[in-house]
Amino acid sequence: MASMAKSVARKDGGIWETVKTIFWALVIAGVFRTLFFQPFWIPSGSMKDTLLIGDFLFVNKMAYGYSRVSCPFALCPISGRILGSEPERGDVVVFRHPTRGDDFIKRVIGLPGDRIQMKNGALWINGQEAPQQPADTFSEPYAPQGPQQTLPKCRNEPVPEGEACEKDRFTETLPNGVAHDVLNIFDNGPGDNTAEFTVPDGHYFFLGDNRDNSGDSRWPAAVGGVGMVPAEYLIGRADRIMFSSAGKSLLYFWTWRPDRFFRAVH
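What you are looking at is a predicted structure, and each value in this text was computed from that prediction instead of being measured.

Peer 1: Which parts of the structure should I look at to understand the pattern of salt bridges?
Peer 2: Inspection of the entire model under this criterion finds 16 salt bridges. Close ionic contact of Glu172 with Arg211 constitutes a salt bridge, the shortest N to O distance being 2.8 Å. Taken together, the residues Glu172 in strand β10 (residues 164-173) and Arg211 in the loop between β13 (203-207) and β14 (229-230) connect sequence positions 39 residues apart. A relative accessible area of 5% places Arg211 in the buried class. We note a salt bridge from Asp259 to Arg263, for which the minimum N-O separation is 3.8 Å. Through salt bridges with shared partners, a single ionic network connects Lys48, Glu140 and Lys167.

In structure tokens, the structure reads:
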């Protein structure tokens, strides 16, 4: 009987130790995710070709400080931002959608006080055009992408499945010298000509690099865009792609894209 009691005690103690180990592992993971780096999968093609569907990256949460959205489920008891710093024009940023509660990733184009406008597909900042230089055509297979099996949009539509889906690519240079690629699918698309926007204090204007396939600050949140994003909704900066997979499942190793592993985000 005594040996049975010792066995039960050891078993109970082992279970309790396992529970404690799991608890502290979750606490450490939560602190790491809240304060330092948050994992993020790219679910859509709005940032092509800078980011592709299936890219996996860690978001640098130290870059802009912390707000209530820094915690899972926006539970941080923080008003405004603490330890904050301002994003730079051209940063690729993950932020909380102002009304939907989803996390989005776009490029910072407009800073507080800036005037932003699109004219015939060209970006204008404070009355000056951001120059675009033609680059090589962006080409990808016309095939379902990622877990949602989304088909890409193509400039050369209609495209048979498996054939090359093409988009015009340009290198755009922002006023601070940041150069990045942008894609064009349609001429005179819905977001190619806009009114002039003035970015309010404490807000930012975001665009997707895939300009004809991005719901961004060109449209208010009520109609599928993001509008002007308040500073307290910034989560962090995307610095480097860690892993990339073009397939429906991570287990489909033949769809991995090793050439994108550890690639810096520009």
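Peer 1: Would you explain the state of the cysteines in this entry?
Peer 2: As enumerated under the stated definition, the model contains 1 disulfide in all. A sulfur-sulfur distance of 2.1 Å marks the disulfide that ties Cys154 to Cys165. Every disulfide takes its handedness from the sign of the S-S torsion; for Cys154 and Cys165 that torsion is -115 degrees, giving left-handed. Placement of Cys154 in the loop between β9 (138-141) and β10 and of Cys165 in strand β10 is noted, with a sequence separation of 11 residues between them. Since its relative accessible area comes to 0%, Cys165 is described here as buried.

Peer 1: Would you mind showing me how to read the sheet that holds strand β5 (residues 115-119) here?
Peer 2: Consider a sheet: its strands pair through backbone hydrogen bonds, and that pairing is either parallel or antiparallel. One open sheet holds the 4 strands; their spatial order is β7-β6-β5-β12, and the pairing between them is antiparallel. Among the strands making up the open sheet, the edge pair consists of β7 (128-129) and β12 (197-198). Where strand β6 (residues 122-125) meets β7, 2 bridges bridge the pair, whose relative direction is antiparallel. Bridge pairing links Ile125 to Gln128 in β7.

Peer 1: Explanation requested: the layout of surface pockets in the structure shown.
Peer 2: Using a probe with the size of a water molecule, rolled over the atoms, empty space left in the structure can be pinpointed. If you add up the space inside the largest pocket, you get close to 310 Å³. The biggest single contributor to the lining of the largest pocket is strand β4 (residues 103-110), with 4 residues.

Peer 1: Teacher, can you tell me more about the packing of aromatic side chains here?
Peer 2: For any pair of aromatic rings, geometry is given as the distance between the ring centres together with the angle between the planes. Per the stated rule, a full pass over the model turns up 10 aromatic pairs. Measuring from centroid to centroid gives 6.4 Å for Trp41 and Phe243, while their planes differ by 85 degrees, and the two rings are edge-to-face. Placement of the pair is Trp41 in strand β1 (residues 37-41) and Phe243 in strand β15 (residues 234-244), with a sequence separation of 202 residues. Assessed through its relative accessible area of 40%, Trp41 is described here as partly exposed. An aromatic cluster is defined as three or more aromatic residues linked by ring pairs; in this entry it consists of Trp41, Phe56, Phe58, Phe243, Trp256 and Phe261. Geometry around Trp124 places Lys119 over its ring, the cationic atom sitting 4.2 Å from the centre.

Peer 1: What am I meant to see in the side chain of Gln145 here?
Peer 2: Locating Gln145 in the fold gives a position in the loop between β9 and β10. With relative accessibility at 12%, the residue Gln145 sits in the buried group. At 3.0 Å, the side chain of Gln145 and the side chain of Lys48 are in polar contact. A distance of 3.0 Å separates a polar atom in the side chain of Gln145 from a polar atom in the side chain of Glu140. Once you skip the residues sitting within four places of it in the chain, Gln145 turns out to touch Lys48, Ile53, Glu140, Thr150, Pro152 and Ala246.

Peer 1: Just checking my understanding: could you explain unusual backbone geometry for this structure?
Peer 2: Excluding glycine, residues mostly have negative phi values, and the peptide bonds linking residues are mostly trans. The step from Lys48 to Asp49 runs through a cis peptide bond, and the omega angle for that step is 0 degrees. Mapped onto the elements of the fold, Asp49 is located in the loop between β1 and β2 (55-60). A cis geometry characterises the amide bond from Glu157 onward to Pro158, with omega recorded as 0 degrees. Among the secondary structure elements, Pro158 is positioned in the loop between β9 and β10. A positive phi angle, close to 50 degrees, is found at Asn120, a residue other than glycine. Residue Gln149 is not a glycine yet carries a positive backbone phi of 55 degrees. Looking at the secondary structure, you find Gln149 in the loop between β9 and β10. By relative accessible area, Gln149 is classed as partly exposed at 34%.

Parameters at a glance
- Residues numbered from 1 in each chain as written.
- Predicted model: local features only at pLDDT ≥ 70, side-chain atom pairs only at ≥ 80, totals over all residues.
- Heavy atoms only, no water.
- Salt bridge = Lys/Arg side-chain N within 4 Å of Asp/Glu carboxyl O.
- Helix = DSSP H or I, 4+ residues; strand = E, 2+ residues; numbered from the N terminus.
- Buried < 20%, exposed > 50% of the residue type's maximum accessible area, 1.4 Å probe, protein only.
- Disulfide = S-S within 2.5 Å.
- Pairing = 2+ DSSP bridges.
- 1 Å grid on protein atoms, 1.4 Å probe; cavity = no way out; pocket = protein on both sides within 12 Å on 5 of 7 lines; lining within 4 Å.
- Points joined across faces, edges and corners; volume = space filled by probe spheres on them.
- Phe/Tyr/Trp six-rings, centres within 6.5 Å; stacked < 30°, edge-to-face > 60°.
- Lys NZ or Arg CZ within 6 Å of the ring centre and 35° of its normal.
- Polar contact = N/O pair within 3.5 Å; in protein donor to acceptor, adjacent residues only side chain to side chain.
- Contact = heavy atoms within 4.5 Å.

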